[in-house]
Amino acid sequence: MQSHPFKHSWVPYIFVAPQIIIILIFFLWPAGQAVQQSFYREDAFGLSSEFVGFLNYAEVLDDPEYTSTVLFTLLFSALVTVFSIALSLLLAVQANQVIRGADTYKTLLMWAYAIAPPAAGLIGGLLFSPLVGDLYQLLNNIGFDFNHNRNSSDAIFVVVLIAVWKQLSINFIFFLSGLQSVPNSVLEAARIDCPGAIKRFWTITFPLLAPTTFFLLVINTTYAFFETFGIIDLTTKGGPGGSTTTLVYKIYQDGFLGADFGGSSAQSVMLMVFVVVLTVFQFKFIDKKVHY
Amino acid sequence: MKTTFLKAIAVAGLTASSIAAHAVTELTFWHAMAGRNGEMVTTIVNQFNESQSEYRLTAINKGGYEDTMTAGIAAFRARNAPHIIQVFDAGAATIINAKGAVYPVQDLLEDSGAAFDKNDYLSGVRYFYADSDGKMIGMPFNSSTPLLYYNKEALKKAGIAEPPATWEEFETIAPKLKAAGYTALSQSHSPWIFSENFHSRHNLPMATGNNGYDTTDVKILYNNDALKMHWSKVKDWLDEGYYGYYGRNWGDNQDAFVQGKVAMWLGSSGSFGNLKQTTDFEFGTTFLPYWSNLIDEPKSTFIGGAALFSFSGHSKDEYKGVAEFFKFLTSPETQLLWHKETGYVAITNAAYDLAQKTNLYKEMPDAEVGMLQLSQESGEWSKGYRLGYYVQIRESLFKNYERLLSGQTSVDSAFHAIEQESNRLLRRFNATYK
């Protein structure tokens, strides 16, 4: 006898269980704790604790340093997202046209993907070190008065450069596979109608890459917000003058270094809400323009 | 059969009692010392374990100062705290003001029947980790103080006989050093050297409420004319090319001195061992300069570094072991070893005497400069400070000094911002730790 078509088997639940448990333990539980802690004022050792409602939030929002951190985070994520998507698209288009040694190019462009952000930060920190850094010497030798330990704009340049470099590879992989899935018949038809390669790219190829670009826009924004911590910690430590402090870095400074758990929890809840809103916005307004 | 059974019980009983007799109490010690200093912690802990058989202390490195403190906080909250933890100067207020988190060292020693006399400790060290009544809460461990290191060859080349004792003297020699091709000065920690110790050296209060010892309801006093004058001078020196700022990393500013770009460097009394290894020129060590227009006779400086605290919630027997370790640690022989090998100052008078008797300072005169500076006359405001969220306040200092040096902001507005941000943090700390 066959089983009832609407009666589900319990086997799939077993297969998804490990993933669900991991999310519960490592994401939902700590996130819940952060939400709870953000409403309390508590000493670091948990010996005295007082419910204060939204006071921690009010104090964070009242801090002028927090406003400048929000502005820098927006600027930083915009720069990182735009440059890493634009450059990797350019590289993917070029690599897609290479006939000889294509695999070598592809491999070389992909392998920075294996580098963890802190390692990228360490390498970048050495390249820009005022005492031994080659890039630092180069920039100063060609006439720039470059000093990222003193000048905010130079420091922003350094962290954006490293963050973009680190992210290029993964974007490149997605764009390249996107380009390879563009049907040849479409391209050939386009070639007959339109002789200009650049125009052909923007009218035919790029719209076909739109779903990939949109996906990369979402993951690059999240990357700039959350995963660039190691780069910042190992190059500028949020300086000079607080000019490269992102929201995540400030949470680390106040909570991890400064032992202010209530305040940093409030900041992380706000960050969480902010990123959710941003992602919803991206899906709502940009997703409409994307043709799948 | 029966006899075998009885024998077995007897043997088992004997074994059990012999285990009980030799039961070793396990103690843990979390610290932040790496490299050479970490090796010396291991050496001292091993010596302690070999010196007696009742306790076995295990020392574990938990990363940097902040990592160690955060690990300690997490362990305490999980009721799994180590017996001893090393906490740095800026974090001291957090652990001391959390009521019931630690067993004050002085009580711990006295309750365990160990003799304790705070006059055994150097005057500059005695009060830094004490409460407002002078009771020692933490045991000073790695203590250092800011000193001026100078490149003797550079000074000779510029025709300068003596390193500067005052900032006025510095201003007269800085142009000569510049003419000789050197940046005159760099320093490695502007909150510690050019803020906190600026106040102890010139006998100025840093905060209300007796520098924060009496209460947590305090206000910062950094926005004062003396410190503002100093920083407007520092900015002038930077613009003139007398002062080099190589970023906020300690090592980058030290490296500029080691590489001979900078003629004089303000660092820690614990730096000379490392400088000896890395420099290829002869250098000298002297006291932290002061402004003679602010004070005639400079006062002693603060110590920096960290102290050992004992968490509450352990058994009486375990605290006895902790007391034994503290006694071992503060013995003149251990202190001398620590002082000699790491460059941190010896914290007791007996250890200082022993160092003099064993001619340590004849071999290494630089090692004594920090001891002498800490033994200078102490002023009303040179015993220390106790300020909450001080890690964040230091961050605010770093940040605003960098804005000041890059010309983004004026001296007045930088210190106004420091005052606002510090007082906001102190208010928050007071509301949390009341």
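Our structure's up above, just so we're on the same page.
Now for a quick tour of the structure. In every chain, residue numbers begin from 1 and rise along the written sequence. Whichever chain is written first becomes A and whichever ligand is written first becomes 1, with later ones labelled in order. The predicted nature of this model means local features are confined to residues of pLDDT at least 70 and side-chain atom pairs, given and counted, to a pLDDT of 80 or more, with totals for whole chains, interfaces and linings taken over all residues. Computation of side-chain values covers all heavy atoms of the structure but excludes hydrogens and water.

What to know about the packing of helix α11 (residues 225–240) of chain B against helix α19 (residues 390–405) of chain B
When two helices pack together, their arrangement is given by the angle between the helix axes and the distance between those axes. Residue and element names in this part refer to chain B. Operational definition: As a rule, the C-alpha atoms of each element are fitted with a line to give its axis, helices using only the stretch in contact, and angles between N-to-C directions run from 0 to 180 degrees. Only DSSP runs of H or I reaching four residues or more are called helices, and only runs of E reaching two or more are called strands; each is numbered from the N terminus. Any angle that falls under 35 degrees is termed roughly parallel, while one over 145 is termed roughly antiparallel, one within 65 to 115 roughly perpendicular, and all others oblique. Note: crossing handedness is left-handed where the near helix turns anticlockwise from the far helix by less than a right angle, and right-handed where it turns clockwise. Only heavy atoms enter the contact rule, under which two residues are in contact if any of them lie within 4.5 Å. Under the convention adopted here, Pro, Cys and the residues Ala, Val, Leu, Ile, Met, Phe, Trp and Tyr are nonpolar, Asp, Glu, Lys and Arg are charged, and Gly plus all remaining residues are polar.
Closest axis-to-axis distance for the α11/α19 pair is 10 Å, and the angle between their directions is 45°. Here α11 is positioned oblique relative to α19, judged by the angle of their axes. The hand of the α11/α19 crossing is right-handed. Each of Leu227, Trp231, Val234, Lys235 and Leu238 in α11 lies in contact with α19, whose residues at this interface are Tyr401, Leu404 and Leu405. Counted by class, the contact of α11 with α19 contains seven nonpolar, no polar and one charged residues.

Section: the interface of chain A and chain B
Formally: Throughout, buried area stands for the accessible area (probe radius 1.4 Å) lost by two parts on being put together, summed over both. Any carboxyl oxygen of Asp or Glu within 4 Å of a side-chain nitrogen of Lys or Arg constitutes a salt bridge here. We call two N or O atoms a polar contact when they sit within 3.5 Å, provided that within protein one can donate a hydrogen and the other can accept it, with sequence-adjacent residues counted only if both atoms are side-chain atoms.
With 36 residues of chain A at the contact, the number on the chain B side is 40 residues. When chain A packs against chain B, the two sides together hide about 3300 Å² of surface, and 52% of this comes from carbon and sulfur. Of all residues in chain A, Phe45(A), Leu131(A) and Arg150(A) bury the most surface against chain B, accounting for 24% of the area lost on that side. At the junction of chain A and chain B, the tally comes to six salt bridges. Two residues, Arg77(B) and Glu42(A), come together in a salt bridge whose shortest N-O distance is 2.2 Å. Linking chain A with chain B are 16 residue pairs in polar contact (both at pLDDT 80 or more), by the criterion used here. Put simply, the parts of the chain that give the side of chain A that touches chain B at least two residues each are β1 (40–42), α2 (55–61), α3 (64–97), α11 (247–257) and α12 (261–286) of chain A. Top contributing element to the side of chain A that touches chain B by residue count: α11(A), with four residues. Residue composition of the side of chain A that touches chain B, grouped by class: 11 nonpolar, 13 polar and 12 charged.

Side note on the nonpolar core
Here is the rule we go by: Nonpolar cores were defined as sets of buried Ala, Val, Leu, Ile, Met, Phe, Trp, Tyr and Cys residues, with membership established by side-chain atoms within 4.5 Å. Only protein chains enter the accessibility calculation, which uses a 1.4 Å probe. A residue is then buried if its area is under 20% of the maximum for its type, exposed if over 50%, and partly exposed in between. Throughout, the edges of the domains are those of an automatic or database domain assignment.
In this structure, Leu177(B), Met264(B), Phe309(B) and Phe325(B) are the most contacted members of the largest nonpolar core, which totals 141 residues. For this core, the two domains that each supply at least three residues are domain 1 (24–144 + 303–374) and domain 2 (146–301 + 389–416) of chain B. Those residues within four positions of Phe309(B) in sequence are excluded, and the remaining contacts are His83(B), Ile84(B), Ile85(B), Val87(B), Ile95(B), Ile96(B), Val102(B), Tyr129(B), Ile137(B) and Gly138(B). In this structure, Phe146(A), Val158(A), Val160(A) and Ile162(A) belong to the second largest nonpolar core, which totals 21 residues.

Describing empty space enclosed by the protein
Put simply, the rule is: Throughout, the protein atoms alone are placed on a 1 Å grid, and a set of points is a cavity if a 1.4 Å probe fits but cannot get out or a pocket if it is open with protein on both sides within 12 Å along at least five of seven lines; lining residues have an atom within 4 Å of a point. Grid points are joined across faces, edges and corners, and a volume is the space filled by probe spheres set on the points.
Applying the stated criterion to the full structure yields eight cavities of 30 Å³ or more. Quantified by volume, the largest cavity comes out at close to 380 Å³. The set of elements that each furnish at least two residues to the lining of the largest cavity consists of α2, α3, α11 and α12 of chain A together with α19 and α20 (411–432) of chain B. At five residues, the largest contribution of residues to the lining of the largest cavity is made by α19(B). Of the residues belonging to the lining of the largest cavity, the class tally is three nonpolar, 11 polar and 12 charged. Taken as a whole, the second largest cavity spans an internal volume of roughly 90 Å³. Taken together, His148(A), Asn149(A), Thr235(A), Thr236(A), Lys237(A), Gly239(A), Pro240(A), Gly247(B), Arg248(B), Asn249(B) and Glu402(B) make up the full set of residues lining the second largest cavity. Residue classes in the lining of the second largest cavity are distributed as one nonpolar, seven polar and three charged.

Remember, this is a structural readout, not a statement about activity or role.
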